[in-house]
Structures are given as structure tokens and as C-alpha cells.
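Examining the three-dimensional arrangement
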Amino acid sequence: MERKAIYPGSFDPITNGHIDIIQRGKKIFDSIIVGVLDNPKKSPFFSTEERVELIRQVFANDRAVEVTSFSGLLVDFAHQNKVKIVIRGLRAISDFEYEFQMALMNRKLAGDIEILFMMPSLKYSFLSSNLVREAFQLGGCIKGLVPPLVEEALKNKLSNSKRKRR
Ligand code: PNS
């Protein structure tokens, strides 16, 4: 039987830290389903379709990585895909409290789903999509923090939004 795990998140946008976790997940599982949260209450920088497309492009040559969006409960998404394991990245102790609460809530909602925490490489332990976006929007260099195609998408998005404001 194929061993599959779900790696859920906002991925606004995907960073090299997320990619690091997916590569580590692939050492344990045959395939990873990257689940991009479609939350109508939030207004993300990249639309759900754009976030999915960017991750698909990053893993274009990797048949072990499937990318799809989901809305509603994560545990329902896991059940729909017949997957019992959810991977979450833990960067630092500061992540722990939120992740712990979320894991136990998910366990309350569906006791058959296990949450597996994985640590990224130390060099990505400070990295988040929010910081990447903020640094980029303020003119900072984000080389090495996101794949080149994501940097290009950030550039295009920023110049389009500047053009719209003019
Ligand atoms: O990348 P993020 O924003 O930290 O990912 C958070 C995510 C998508 C994993 C979380 O918000 C989630 O699972 N949302 C789906 C709604 C849900 O299941 N909520 C109950 C769990 S506490």
C-alpha cells in the first residue's frame, strides 16, 4: 500500500523552508499531498489558484508531490484523501504552542489522524512566508529563501499592484 501524507498550509508563498519539509517527508512517505488552504475570510497576497500553481511549478518534475487546495476542516480533507498522517513543520519553540493546540484540536475532531512534526534545516528555522513577503515588499534581498520562480512571481505581483494604484 502506498504511504501518503498531507502537508497543509497557507503557502503564501511557498518558501525553501516548506520545500525542505516536503523533501524530508518524501524520505518517510511514498507521496505527499500539499494542501493549500483556501480561506475565504482571509485575503492572501497570492490567490489560492496562484499559490497552488506556484507549488505545482516548483514540483513539476516530481511525481511524488501532488498539489491541491482545500477548504473547511483539515481532518475532512485528510479523510477525503484517505490519508491518516498530516505533516507540520516546527521551526522553533515559538511555533510549538500553536501547533500543539492545533494538533490536539485535530485529534479531538478525528482521532484516526496523526500529526507528524518535522524540523526544517537550521538555515530555514527563521523563515516564514510573512517575513519573505515583508522583506521583499520593502526592497530586501530574498535570494536563497524562495525558489527563483517564486521570486519572479513576487516581482510581477508587486509591479502589477503598483500599476493598479497609479
Ligand atoms: O501555513 P499555516 O497558515 O500555518 O497553515 C495553517 C493550516 C492551514 C494548517 C490550518 O489553519 C488549518 O488546518 N486550517 C483548516 C481549518 C481547520 O481544520 N481548523 C481546525 C484545526 S485547529
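Above: the structure in question.
This report concerns the structure included in the present document. (Residues numbered from 1 in each chain as written. Predicted model: local features only at pLDDT ≥ 70, side-chain atom pairs only at ≥ 80, totals over all residues. Heavy atoms only, no water.)

**Concerning the overall build of the chain**
If you tally the helices and strands in the chain, you get six helices and five strands. The order of α-helices and β-strands along the chain, N terminus first, is β-α-β-α-β-α-β-α-β-α-α. The C-alpha atoms of the chain give a radius of gyration of 16 Å, which matches the 15 Å a tight globule of 166 residues would have. In terms of overall dimensions, the chain has C-alpha extents of about 50 × 35 × 35 Å along its principal axes. (Helix = DSSP H or I, 4+ residues; strand = E, 2+ residues; numbered from the N terminus. Rg over C-alpha atoms; globule rule 2.2 N^0.38 Å.)

**Brief notes about the layout of surface pockets**
Counted as a void, the largest pocket has a volume near 1,000 Å³. G9, S10, F11, R88 and Y98 are, among the 37 residues lining the largest pocket, the residues nearest its centre. Sorting the residues of the lining of the largest pocket by element identifies β1 (4–9), α1 (16–28), β4 (85–89), α4 (93–109) and α5 (129–137) as the ones contributing at least two each. For the lining of the largest pocket, the element with the most residues is α4, which contributes seven residues. (1 Å grid on protein atoms, 1.4 Å probe; cavity = no way out; pocket = protein on both sides within 12 Å on 5 of 7 lines; lining within 4 Å. Points joined across faces, edges and corners; volume = space filled by probe spheres on them.)

**Concerning the environment of F59**
By the secondary structure assignment, F59 is in the loop between α2 (48–58) and β3 (65–70). Put simply, F59 and I32 are 27 residues apart on the chain and 11 Å apart in space, counted from C-alpha to C-alpha. In contact with F59, other than residues within four places in its own chain, are I14, I19, I22, Q23 and V65. (Contact = heavy atoms within 4.5 Å.)

**Some words on unusual backbone geometry**
Looking along the chain, the bond that leaves D12 and enters P13 is cis, with omega of 5 degrees. The topology assignment puts P13 in the loop between β1 and α1. Even without glycine at this site, F11 takes up a positive phi of about 50 degrees. Here F11 is to be found in the loop between β1 and α1. Of note in this structure, K82 is not a glycine but carries a positive phi near 55 degrees. Tracing the backbone shows K82 in the loop between α3 (74–80) and β4. Judged by its relative accessible area of 75%, K82 falls in the exposed class. (Buried < 20%, exposed > 50% of the residue type's maximum accessible area, 1.4 Å probe, protein only.)

**A few points about the pairing of strand β2 (residues 31–37)**
The buried fraction of β2 amounts to six of the seven residues, a majority that puts the element mostly inside the structure. Of the crossover connections in this fold, the one passing from β1 over α1 to the parallel β2 is right-handed. Relative to β3, β2 runs parallel, the two being bridged by six bridges. Counterpart to V34 in the pairing with β3 is V67. Note that the unit made of β2, α2 and β3 has a crossover that is right-handed. (Right-handed = clockwise from strand over helix to strand, strands pointing away. Pairing = 2+ DSSP bridges.)

**Side note on the site of the ligand**
Close contacts around the ligand come from G9, S10, L37, F70, G72, L73, L74, R88, M102, M105 and N106, and that covers them all. Between the ligand and S10, the relevant distance is 2.5 Å, taken from an oxygen atom to a side-chain nitrogen or oxygen of the residue. Between the ligand and the protein, one listed contact pairs an oxygen atom with a side-chain N or O atom of R88 at 2.9 Å. Considering every element that reaches the shell around the ligand, the biggest residue donor is α4, with three residues. (Near = heavy atom within 4 Å. Polar contact = N/O pair within 3.5 Å; in protein donor to acceptor, adjacent residues only side chain to side chain.)

Honestly, it's all geometry; don't read function into it.
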